[in-house]
Amino acid sequence: MRSLHDKRVVLNQSTIDHSIILPTTAFIDRHLAISRLTKTDYDDLVVHVLVRLKQSKTIKKGRWDKTRIDFRLEDETFAHLQPIADEIHDLCLEWDTGKGKLGKATARMKYDSSRPMCCEYLDEDRLKTNAHFFLVESSTTGVYGDRVPLVDLTSVGRFRKFDNNRAETEFDIVAAASLILEADECRRFMTAFTVEGNKMSFWHFSRSHIAISDYFDYHKKPKHFIRFVIFMTFASRSELGYDPTVTRVHDASGRLQYQFRIGDKIYQTLRTLAELQKIDIIYKAPRVWAVTELHAVTKAPIGETMVLKDIWHDAGAKSELEIQTEIFDALRKLDEDGDHPAGSLAEDAKKFFLHIVSDAPVQVNGVDDTAPAPNNCSTLIHYAAAYEVRDMPQPPSTPRHTTKIHQRIIFAEECESMYDLSKYSDVALAMAQLIQGLYFMRLAKYLHHDISPGNCLFHVAADGRRQLKISDLEFAQPYDAPFNETGVTGTPAFMAVEYEHGRHLWTPYIHRPKVFFRYNFAHDLEAALWIYVWFIFNKVPDCLDLEASAQWRSEVQYCRDALFEEDQSLEREDFGRGDVSSQEATEAVSGLYNRVPGGACIVSGLKSFDVLADLYKRIEATEPLDVGVPGMTRWDPENFCRQDYTFLQEWFMDIHDRLAEVEYSAISHRAFGRAAARRVEKRGREDSQEEEEREVAAKKLCVRADGGETDVQSPATGVQRD
């Protein structure tokens, strides 16, 4: 069986897991409705078009004329679908005369398998589709020659004469839809269609699932195709999947930008901060830009540069603002109880988190923009035969479909990811501040669940102050929340090894009456320490020359791959325990780092895992709290002590201070060298000038000694001498 994953575009397993097959009538009712038409009007329009098509002989003898599979080429077989769509358009306008319910066409169909499609940043991408519906009024001002801009495609179609290669057909249509959804920031969902022989199928791609209509013979059931063409031609832009709150614009330099309307404010993008890393349908689709607010009337930029994050998250999940608020409220309660040293914990903690200006769902036509899950499973076809016919892997026996909510967040600070840090002193400072921020989360009894360099941001203020910010709280949960058994969350390369295995590793539990496992505060700490390990094995120190850098890569590549490539959890477990592989890895990097100033100090940070191991052993030697509720057994949070966090924080601050001295010394040495060179150059010029003066004086003396005349004047009289 051919899988979609074997192809040129990486499509996540969720693309298959979240696909559903609907009866065609159910698909039409759900996804092909036009709000301007009542069901009675829609049915009457379809009947009118069908009757007139039969009268014009476009439908003759129970089939669409001139679309026969006995033609030699696919273009000869299906090219006639375009004039059919044009005729349906004209007949709809005929029906609408005097009614005014349809209005002008939004899109039209084009059959042209020779024109490649493109977008602004994927100019070379060519998608295998035969036909498409395109906007009558283009949404872009770009010039693309004979290529079709993806942003104008409301739907794509893939046609084949025979149904003997369905997996390839379905891959082509999924790949095209995936690219369009990811390439166009104005797109919320989209529709597509496939034809194989006489069998047609409709597709709906959203952020919650992929809905596919069951196959039908479009010759025997022409009403289905007529209804599809009517929808794709006359539905509004928002009904076709476009976001009315986003506008494509070009800035003064001609670069493509976007304007987002959030409430009564407008923000325009300045540059992209986070690119999408993969093409995937069922995905949070986070996009991040640096933005500036625009004046409501003049559209001139006002205020400082901010950050806009556009994301689809699960319905029912708390927003980042809500989670931040709960953390700060918990810390304020501790302030009120007076159980902690003087000062405001809530106010002190705020600097470790991003300042959120706004965090609200996107509003489309006055309602929250969502991608509804197909909850009415009675209409779904989840039997094996349906998937076998399609040559598709079967979905899970109990597929999990979750409604997604479209959210936009405005942050006040523009930061850089820890991935982008180049100085180890900054890395050590960020580590110390990260651990301090995690301690505030520990006090608030909140777990992050996804600590990684991409979620730990470094902010440099205008006055030069540097501060680590903990972001992406979408997986964060209270420590006493029921354990989530739906699967692990987080970034695999930085995930705590225990959490990855789903069991405790540091103490035998054979004598415990009940075995349990749940995420705890030590797992957030371990994820933070893996960030430091990642830097040591992936970032070349600035002071290494090219030859040493090449040698560095060669020496540590094996160890790096063993720790951070996929399916390396056993090697990571050995490293965390300090076993042989850990010693080999440490020796590999130590031998190299010791050659550079401060190298031994950098590598000393690896010993932080010894502190973590002691924490694990101490915690897992205690008795867990069992409140008698399934999924609620956990370690006592009070056993995760302040001293553990303070020790690690001070450790990395000490590394930062020593590295800062080394870097300052290196800068001073370079500055001293440049100053010395300038002094030598200046002294050389002075010596040269003195030498020239001595030569002139010597020549004058020689002339005088020979009795010759000189033109030198007497300093006393200014009169020439003989």
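Please read all numbers here as calculations on a predicted model, not as lab measurements.

**Student:** Looking at this model, I keep getting lost on the packing of helix H11 (residues 424-443) against helix H13 (residues 521-538). Mind explaining?
**Tutor:** Two quantities define a packed helix pair, namely the angle between the axes and the distance from one axis to the other. One way to put it is that H11 packs onto H13 with a least axis distance of 10 Å and a crossing angle of 175 degrees. Taken as axis vectors, H11 and H13 run roughly antiparallel relative to one another. On H13, the residues that touch Tyr424, Val427, Met431, Leu434, Ile435, Leu438, Met441 and Arg442 of H11 are Phe521, Asp524, Leu525, Ala528, Leu529, Ile531, Tyr532, Phe535 and Ile536. By residue class, the composition of the contact of H11 with H13 is 15 nonpolar, no polar and 2 charged.

**Student:** Looking at this model, I keep getting lost on the sheet that holds strand S26 (residues 466-470). Mind explaining?
**Tutor:** Sheets are built from strands that pair by backbone hydrogen bonding, the pairs being arranged parallel or antiparallel. Reading across from one edge, S23-S25-S26 is the order of the 3 strands in this open sheet, with antiparallel pairing throughout. Single-partner strands in this sheet number two, and they are strand S23 (416-417) and S26. The sheet contact formed by strand S25 (residues 456-460) and S26 spans 5 bridges and is antiparallel. Of the residues in S26, the one forming a bridge with Leu457 is Lys469. The strands touched by H11 are S25 and S26; relative to S26, the strand with the most contacts, the crossing angle is about 50 degrees.

**Student:** Can you help me understand the side chain of Glu320 in this one?
**Tutor:** Structurally, the position occupied by Glu320 is in helix H8 (residues 320-337). Buried Glu320, no salt bridge; nearest opposite-charge side chain is Lys309, N-O distance 4.6 Å. In contact with Glu320, other than residues within four places in its own chain, are Ile356, Asp359, Ile409, Phe411, Ser471, Asp472 and Leu473.

**Student:** Sorry, what's going on with the packing of helix H3 (residues 39-55) against helix H7 (residues 222-234) here?
**Tutor:** Across the interface, H3 lies against H7 with an axial gap of 10 Å and an inter-helix angle of 115 degrees. Put simply, H3 runs roughly perpendicular to H7. The way H3 lies across H7 gives a crossing that is right-handed. Contacts between H3 and H7 involve Tyr42, Asp43, Leu45, Val46, Val47, Val49, Leu50 and Leu53 from the former and Pro222, Lys223, Ile226, Arg227, Ile230 and Phe231 from the latter. Along the lines of polarity and charge, the residues of the contact of H3 with H7 split into 11 nonpolar, no polar and 3 charged.

**Student:** Explanation requested: helix H5 (residues 81-96) in the structure shown.
**Tutor:** Residue pairs three or four apart in sequence face the same way in an α-helix, which turns once every 3.6 residues. Between the first and last C-alpha of H5 there are 22 Å, a value that for 16 residues agrees with the 22 Å anticipated at 1.5 Å per step. All of the buried residues in H5 are Leu81, Gln82, Ile84, Ala85, Ile88, His89, Leu91, Cys92, Trp95 and Asp96. Elements that come into contact with the buried residues of H5 comprise H3, strand S3 (63-64), helix H4 (74-78), strand S4 (107-111), strand S8 (153-160) and H7. Note on H5: the residue one or two positions beyond its end, Gly98, has a positive phi of about 85 degrees.

**Student:** Would you mind showing me how to read the packing of aromatic side chains here?
**Tutor:** Between two aromatic rings, the relevant description is the distance of the centres plus the angle of the planes. By the definition in use, this model includes 27 aromatic pairs. Measuring from ring centre to ring centre gives 5.9 Å for Tyr111 and Phe159, while their planes differ by 15 degrees; the resulting arrangement is stacked. Residue Tyr111 is found in strand S4, and its partner Phe159 is found in strand S8; the two are separated by 48 residues along the sequence. Grouping residues by exposure puts Tyr111 and Phe159 together as buried.

Calculation criteria
Residues numbered from 1 in each chain as written. Predicted model: local features only at pLDDT ≥ 70, side-chain atom pairs only at ≥ 80, totals over all residues. Heavy atoms only, no water. Axes fitted to C-alpha atoms, helices over the stretch in contact; angles between N-to-C directions. Helix = DSSP H or I, 4+ residues; strand = E, 2+ residues; numbered from the N terminus. Parallel < 35°, antiparallel > 145°, perpendicular 65-115°, else oblique. Contact = heavy atoms within 4.5 Å. Nonpolar A, V, L, I, M, F, W, Y, C, P; charged D, E, K, R; others polar. Pairing = 2+ DSSP bridges. Buried < 20%, exposed > 50% of the residue type's maximum accessible area, 1.4 Å probe, protein only. Lys, Arg positive; Asp, Glu negative; His and termini not counted. Salt bridge = Lys/Arg side-chain N within 4 Å of Asp/Glu carboxyl O. Left-handed = near helix turned anticlockwise from the far one by under 90°. Expected span 1.5 Å × (residues − 1). Phe/Tyr/Trp six-rings, centres within 6.5 Å; stacked < 30°, edge-to-face > 60°.

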